[in-house]
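A closer look at the structure
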Amino acid sequence: MNTEHQKKIAAEKATETVQSGMILGLGTGSTVYYALLKLGAMVRDGLDVVGIPTSEGTEQIALEQKIPLTTLAMHPTIDLTIDGADEVDAHLNLIKGGGAALVREKIIANASKKILIVVDESKVSRVLGTNFPLPVEIVRFGWEATQTEVNRICGKSTLRVASTQDGKQNPLITDNGNYILDCHFEGIPAPAAVESQLNNIPGVVENGIFVNRADKVIIGTPAGLRYME
Ligand code: 5RP
C-alpha cells in the first residue's frame with residue numbers, strides 16, 4: 001500500500017466520526033485533502049455541517065467541494081477538527097506547519113472539543129524533531145534578529161522559500177503575511193518547554209509544536225489502520 005493510499009484510508013476513517021449538526025475544523029495538507037473530498041461527498045448526500053478552514057488553500061478546496069463554511073466569530077467552539085501532522089510521538093505530541101498553516105491550525109485546535117490527527121506511517125517518530133524541522137512563524141520586521149534568538153534554542157534554522165512561476169526563490173509568505181523559519185533540532189525531548197521558550201521570543205508569532213492537543217491519531221499503514229489515543 002503506497003503512501004497516498006495510507007493517507008486516504010486514515011483521512012476517510014476520520015470522517016466516519018462526523019455527524020450532522022457539527023461545527024468542523026478543517027485542517028490543511030495532502031492527507032486532510034482526502035477527508036475534504038469525502039466530506040464534500042457526504043454533504044452532497046445530505047450531511048448538515050459547517051466548517052472553519054485552517055488555511056486559504058483549505059478554504060478553496062472546501063468551496064469547490066461545496067462544504068458550507070463559517071467563522072470562529074460565528075462559532076467560537078468547534079465540535080471536531082480533522083487535521084494532519086508532520087511528526088507524531090507516542091504521547092500524541094505533534095510537529096505541524098509543513099504546509100505553513102500552523103498559526104491558524106493552533107487557533108482552531110485551541111477552539112476544538114475534539115481533534116483527530118490523520119497521518120501515514122512515516123510521520124510516527126520516537127522523539128519529535130528528529131524527522132522533520134520545526135516550523136516557526138515570525139513577523140517580517142527585524143526577522144534576522146528574531147532568527148538569531150531562535151537559533152539560540154534550536155542551533156540552526158533556515159528561512160522557508162517558495163519558487164515563483166519564473167523559477168525565482170522568494171521567502172514564503174504565510175496566509176497571515178509572515179515568514180517561516182524551519183528549525184533543525186537534533187530532537188525535542190521536552191516539547192512543552194521548547195514550545196513556550198520559542199513563543200517568548202519577540203517576533204515569533206507561533207511555532208508548530210502541539211502538546212496535549214490531539215485526542216486520537218489515525219495512522220494509515222501498509223497493513224491497514226492503526227490508532228494512538
Ligand atoms: C500544515 C500542516 C499539515 O497538517 C502537515 O504539514 C501535514 O501535511 P501532509 O498531510 O501534506 O503531510 O501542519 O501546516
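Bear in mind that the values here come from a model prediction, so they are computed numbers and not experimental data.

One finds Val18, Leu24, Leu39 and Val118 to be the most contacted residues of the largest nonpolar core, which totals 24 residues. Those elements that provide at least two residues to this core are helix 1 (3-15), strand 1 (23-26), helix 2 (32-44), helix 3 (56-64), strand 3 (80-83) and strand 6 (115-120). It is helix 2 that contributes the most residues to this core, seven residues altogether. Discounting residues that sit within four places of it in the chain, leucine 24 has contacts with Val18, Leu39, Val49, Val50, Gly51, Ile52, Ile78 and Leu80. Counting 19 residues, the second largest nonpolar core, distinct from the first, contains Leu134, Val150, Cys183 and Val194.

Pairing in this open sheet of four strands is antiparallel, and the strands run 8-11-7-12 from one edge to the other. Looking at strand neighbours, the two that pair on one side only are strand 8 (157-159) and strand 12 (204-207), the edges of this open sheet. Ignoring which end each strand starts from, the neighbouring axes of this sheet average 30 degrees apart. For strand 7 (residues 134-138) and strand 11 (residues 179-183), the ladder comprises five bridges, and the chain directions are antiparallel. Counterpart to isoleucine 138 in the pairing with strand 11 is tyrosine 179. In the packing of helix 4 (residues 102-110) onto the sheet, the strands contacted are strand 7, strand 11 and strand 12, and the crossing angle to strand 12 comes to about 65 degrees.

Rules behind the numbers
- Residues numbered from 1 in each chain as written.
- Predicted model: local features only at pLDDT ≥ 70, side-chain atom pairs only at ≥ 80, totals over all residues.
- Heavy atoms only, no water.
- Core = buried A, V, L, I, M, F, W, Y, C linked by side-chain atoms within 4.5 Å.
- Buried < 20%, exposed > 50% of the residue type's maximum accessible area, 1.4 Å probe, protein only.
- Helix = DSSP H or I, 4+ residues; strand = E, 2+ residues; numbered from the N terminus.
- Contact = heavy atoms within 4.5 Å.
- Pairing = 2+ DSSP bridges.
- Axes fitted to C-alpha atoms, helices over the stretch in contact; angles between N-to-C directions.

Purely geometric numbers; function is a separate question.
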